[in-house]
Amino acid sequence: MNKILLMITVFSLGYVANDILREMNVSPIGNVNAEVGGMGFWSLMRDSDFVEAVKGIVSTRCYVYTDNPLDAKPVVCPDHN
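Residues numbered from 1 in each chain as written. Predicted model: local features only at pLDDT ≥ 70, side-chain atom pairs only at ≥ 80, totals over all residues. Heavy atoms only, no water.

## Points about the overall build of the chain
Point 1. Scanning the chain for helices and strands turns up 3 helices and 2 strands.
Point 2. Within the chain, buried positions represent 4% of all 81 residues.
Point 3. Total accessible area on the chain stands at roughly 7600 Å², and carbon and sulfur atoms take up 63% of it. (Helix = DSSP H or I, 4+ residues; strand = E, 2+ residues; numbered from the N terminus. Buried < 20%, exposed > 50% of the residue type's maximum accessible area, 1.4 Å probe, protein only. Areas by Shrake-Rupley, 256 points an atom, 1.4 Å probe, with all protein chains shown as cover.)

Written out as structure tokens, the structure reads:
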């Protein structure tokens, strides 16, 4: 019983800490800006080699992510051919 209570307490404290940090406009994880070969998002979307490489990677298995990590689940991606 004590382990369950400890886990619930730790989980709740994590939510409280997250809310406090959000109110203070503090993020432990900074914003990211990914570039590949010096190309940004729009350039990569227009690059046919990059698009085909991404399609090849996710064609067999991928994950659908949401804001709630508990909702993330593997799905079979549609065929991109």
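## Thoughts on helix H1 (residues 2-23)
Point 1. The terminal C-alpha atoms of H1 lie 31 Å apart, and with 22 residues this matches the ideal 32 Å at 1.5 Å per residue to within 8%.
Point 2. Of all the 22 residues making up H1, 0 are buried; the element is thus mostly uncovered. (Expected span 1.5 Å × (residues − 1).)

## Points about the environment of Ser12
Point 1. Within the secondary structure, Ser12 sits in helix H1.
Point 2. On the accessibility criterion, Ser12 (36% relative accessible area) is partly exposed.
Point 3. In terms of polar contacts, Ser12 uses its side chain to reach the backbone carbonyl oxygen of Ile8, at 2.9 Å. (Polar contact = N/O pair within 3.5 Å; in protein donor to acceptor, adjacent residues only side chain to side chain.)

## Brief notes about unusual backbone geometry
Point 1. Positive phi outside glycine occurs at Asn25, with the angle close to 60°.
Point 2. Inspection of the secondary structure assignment puts Asn25 in the loop between H1 and helix H2 (41-46).
Point 3. The exposure class assigned to Asn25 is exposed, which follows from its relative accessible area of 72%.

## A closer look at a nonpolar patch on the surface
Point 1. A surface patch of nonpolar side chains, about 410 Å² in accessible area, is lined by Val16, Ile20, Leu21, Met24 and Val26.
Point 2. Inspection of the secondary structure puts Ile20 in helix H1. (Patch = residues over 30% accessible without salt bridge, like charges linked within 9 Å, V, L, I, M, F, W, Y side chains within 5 Å. Salt bridge = Lys/Arg side-chain N within 4 Å of Asp/Glu carboxyl O.)

## Here's the deal with the packing of aromatic side chains
Given two aromatic rings, their pairing is described by the distance between the two centres and the angle made by the two planes.
Point 1. With the rule as written, the count across this model stands at 2 aromatic pairs.
Point 2. For the pair Phe11 and Tyr15, a centre-to-centre distance of 5.0 Å together with 70° between the ring planes defines the contact as edge-to-face. Here the residue Phe11 and the residue Tyr15 both occupy positions in helix H1, the gap between them amounting to 4 residues, near one helical turn. The residues Phe11 and Tyr15 share a single accessibility class, namely exposed.
Point 3. Between Phe41 and Trp42, the aromatic rings sit 4.8 Å apart at their centres with planes inclined by 80°, giving edge-to-face as the arrangement.
Point 4. Note on Trp42: relative accessible area 58%, which makes it exposed. (Phe/Tyr/Trp six-rings, centres within 6.5 Å; stacked < 30°, edge-to-face > 60°.)

## Here's the deal with the confidence of the model for the chain
Point 1. Of the residues in the chain, 73% reach a pLDDT of 70 or more, and the chain-wide mean stands at 77.
Point 2. Within the chain, H1 carries the highest mean pLDDT (89), whereas strand S2 (residues 73-75) carries the lowest (56). (pLDDT = per-residue confidence, 0-100.)

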